Amino acid sequence: MKSAASGTSGSKACATAGSPPPTTRRKLLLAAFCALCLVNQANWISAAPIKDDVSSFFAISGEWVDALSTCYMLVYIMGFLPVTSLLQVHGLEAGLRTSAILNCAGAFLRWFSTLGVHSFPVAMIGQAICAGSQVINFSCVGTLSRTYFPAESSQVIGIIWALTYLGVAFGL
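A quick note: this is a predicted structure, and the numbers were derived from the prediction, not measured. (Residues numbered from 1 in each chain as written. Predicted model: local features only at pLDDT ≥ 70, side-chain atom pairs only at ≥ 80, totals over all residues. Heavy atoms only, no water.)

Undergrad: Sorry if this is basic, but what is going on with the overall build of the protein here?
TA: When its secondary structure is counted, the protein shows seven helices and zero strands. Ordered by position from N to C terminus, the α and β elements of the protein give α-α-α-α-α-α-α. With 172 residues in all, the protein has 40% of them scored as buried. Expressed as a percentage of contacts within the protein between residues at least 6 apart in sequence, the contacts between residues at least 24 apart total 72%. In the form shown here, the protein has an accessible surface area of approximately 9300 Å², with 69% of it arising from carbon and sulfur atoms. (Helix = DSSP H or I, 4+ residues; strand = E, 2+ residues; numbered from the N terminus. Buried < 20%, exposed > 50% of the residue type's maximum accessible area, 1.4 Å probe, protein only. Contact = heavy atoms within 4.5 Å. Areas by Shrake-Rupley, 256 points an atom, 1.4 Å probe, with all protein chains shown as cover.)

Rendered as structure tokens:
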């Protein structure tokens, strides 16, 4: 197996060598992570601008629509310490895969809640699952930037947060 510096080794060799993976892979990982954060934030805020429509669609009060975005904050408060510990045990890539799966599953449930019976509890469960994805995302930012972009860590963190806020703008 060639060294990580030559750009031909796998991620396991990179991890053992202590150097970041090849440049193309790092950029793809950053792009995928930024897309995940962007979509997650759009999921978070998407019901707020259409509160009256969501309220009438599910036949609920506006406070319940507000609860869709509030649940993100509550899940973060309850989940950031356990998630940080789990990331230390299982690693960054496992955490990011889990985050992507949770985000997809939560978005699917939100979509499913709009079919047929118009089930707000299903939408809330989907939103809470997406909120779990956000906890993982926010817990990964520093580790991802230090591990894969040690020389550009500050710039990478800035890019991630800028695209996270762009996701909020898309959701509005």
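Undergrad: Mind showing me how you'd approach the confidence of the model for the protein here?
TA: Detailed reading of predicted coordinates is not advised where the pLDDT is low. Per-residue confidence for the protein gives a mean pLDDT of 85, with 87% of residues at or over 70. Here helix 1 (residues 11-17) stands out as the least confident element of the protein, with mean pLDDT 42; helix 5 (residues 92-112) is the most confident, with 94. In the predicted structure, residues 1-17 sits below a pLDDT of 50 and forms 19 contacts with residues beyond four places in sequence or in another chain. (pLDDT = per-residue confidence, 0-100.)

Undergrad: I keep staring at the packing of aromatic side chains and nothing clicks. Help me out?
TA: How two aromatic rings sit relative to each other is given by the distance of their centres and the angle of their planes. Under the criterion given, the structure shown has nine aromatic pairs. Consider the rings of Phe57 and Phe58, whose centres lie 5.0 Å apart with planes at 85°: the pair is edge-to-face. (Phe/Tyr/Trp six-rings, centres within 6.5 Å; stacked < 30°, edge-to-face > 60°.)

Undergrad: I keep staring at the environment of Asp52 and nothing clicks. Help me out?
TA: Along the chain, Asp52 turns up in helix 3 (residues 51-58). In the structure, Asp52 is positioned 13 residues away from Val65 in sequence and 8.7 Å away in space, judged by C-alpha atoms.

Undergrad: It is not clear to me how the nonpolar core should be interpreted in this structure. Could you clarify?
TA: Grouped burial of nonpolar side chains is what soluble globular proteins tend to show. Counting 35 residues, the largest nonpolar core has Leu30, Phe33, Cys140, Leu144 and Ile160 as the members making the most contacts within it. When residues of this core are traced back to their parent elements, those giving at least two are helix 2 (23-45), helix 3, helix 4 (62-90), helix 5, helix 6 (120-148) and helix 7 (153-171). Top contributing element to this core by residue count: helix 6, with eleven residues. If we ignore the near neighbours within four places in the chain, the residues touching Cys140 are Phe33, Leu87, Leu92 and Leu96. (Core = buried A, V, L, I, M, F, W, Y, C linked by side-chain atoms within 4.5 Å.)

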